Amino acid sequence: MTQHSNIPVAIGSDHAGFPLKESLVEDLRAEGYHIEDFGVFSTESMDYPDIAREVAEAVASGRFQKAIIVCGTGIGVCITANKVKGVRAAVCSEAFSARMARQHNNANVICVGARVVGAGLALDIVKTFIETEFEAGSRHERRVDKINALDNC
Ligand code: RB5
């Protein structure tokens, strides 16, 4: 069991993201990650803003430092999550963007499209997101501070 298993990560999906979310939960837990699953737990149709809001608020509250949200494209949940104060969500379909989202943007939510990427690529994307640190104290921190200032506009 490695160090990362102690960092709790929230995960949620809508019905379209459910099969990929289930796969990610199983694979991440098998690798020792501490994953808290917010659902959904079936392919029954539901409205993605509801689960995206719940997971994003769990991050905004400070209960989780990072979260994963899955829908069909990753787009709807990302738009929703970014409405929640304190959340910086990024849709990523490959690991390079996931790494940059952490290093440069200090993203705290990653959104993945179950109709866009396969399970193996999705696992690589979310592990990269979880493991990569923000480049604190750099020019990127000044830029992220400017993003955060918009929370109060
Ligand atoms: C559901 O059909 C789909 O619209 C949703 O999962 C997501 O892709 C929205 O952005």
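Everything below is about the structure shown above.
Residues numbered from 1 in each chain as written. Predicted model: local features only at pLDDT ≥ 70, side-chain atom pairs only at ≥ 80, totals over all residues. Heavy atoms only, no water.

Trainee: Give a detailed account of the side chain of Lys-21, specifying residues and quantitative values.
Mentor: Its place among the elements puts Lys-21 in helix H1 (residues 18-30). Lys-21 gets classed as buried once you look at its relative accessible area, which sits at 0%. Those residues within four positions of Lys-21 in sequence are excluded, and the remaining contacts are Ile-11, Gly-12, Ser-13, Asp-37, Gly-39, Val-40, Phe-41 and Val-70. (Helix = DSSP H or I, 4+ residues; strand = E, 2+ residues; numbered from the N terminus. Buried < 20%, exposed > 50% of the residue type's maximum accessible area, 1.4 Å probe, protein only. Contact = heavy atoms within 4.5 Å.)

Trainee: Can you break down the packing of aromatic side chains residue by residue, with the values?
Mentor: Per the counting criterion, the structure on display carries one aromatic pair. Considering the side-chain rings of Phe-38 and Phe-64, the 5.7 Å spacing of their centres and the 70° angle between planes classify their relative orientation as edge-to-face. With a gap of 26 residues between them, Phe-38 in the loop between strand S2 (34-37) and helix H2 (48-60) and Phe-64 in the loop between H2 and strand S3 (66-71) connect regions that are remote in the sequence. Overall, the relative accessible area of 15% leaves Phe-38 in the buried class. Owing to a relative accessible area of 3%, Phe-64 belongs among the buried residues under this scheme. Seen from the ring of Phe-129, Lys-66 lies directly overhead, with NZ or CZ sitting 5.9 Å from the centre. (Phe/Tyr/Trp six-rings, centres within 6.5 Å; stacked < 30°, edge-to-face > 60°. Lys NZ or Arg CZ within 6 Å of the ring centre and 35° of its normal.)

Trainee: Please provide a residue-by-residue account of the pairing of strand S5 (residues 109-113), values included.
Mentor: Most of S5 sits inside the fold, with five of its five residues counted as buried. Residues Val-109, Cys-111 and Gly-113 line one face of S5 and the alternating positions Ile-110 and Val-112 line the opposite face, and both faces are buried. Note: S3 against S5, five bridges, orientation parallel. Note on S5: the bridge partner recorded for Cys-71 is Gly-113. Across three bridges, the pairing between strand S4 (residues 89-91) and S5 is parallel. In the strand pairing of S5, Ala-90 is matched with Ile-110. Each parallel crossover has a hand, and the one from S4 via helix H4 (residues 95-103) to S5 is right-handed. (Pairing = 2+ DSSP bridges. Right-handed = clockwise from strand over helix to strand, strands pointing away.)

Trainee: Requested: an account of the site of the ligand, with residues and values cited.
Mentor: In the neighbourhood of the ligand, the contacting residues comprise Asp-14, His-15, Ala-16, Tyr-48, Cys-71, Gly-72, Thr-73, Gly-76 and Arg-115. Within the side chain of Asp-14, a nitrogen or oxygen atom sits 2.6 Å from an oxygen atom of the ligand. Here the ligand loses 73% of its free accessible area of 290 Å² to cover by the protein chains. (Near = heavy atom within 4 Å. Polar contact = N/O pair within 3.5 Å; in protein donor to acceptor, adjacent residues only side chain to side chain. Areas by Shrake-Rupley, 256 points an atom, 1.4 Å probe, with all protein chains shown as cover.)

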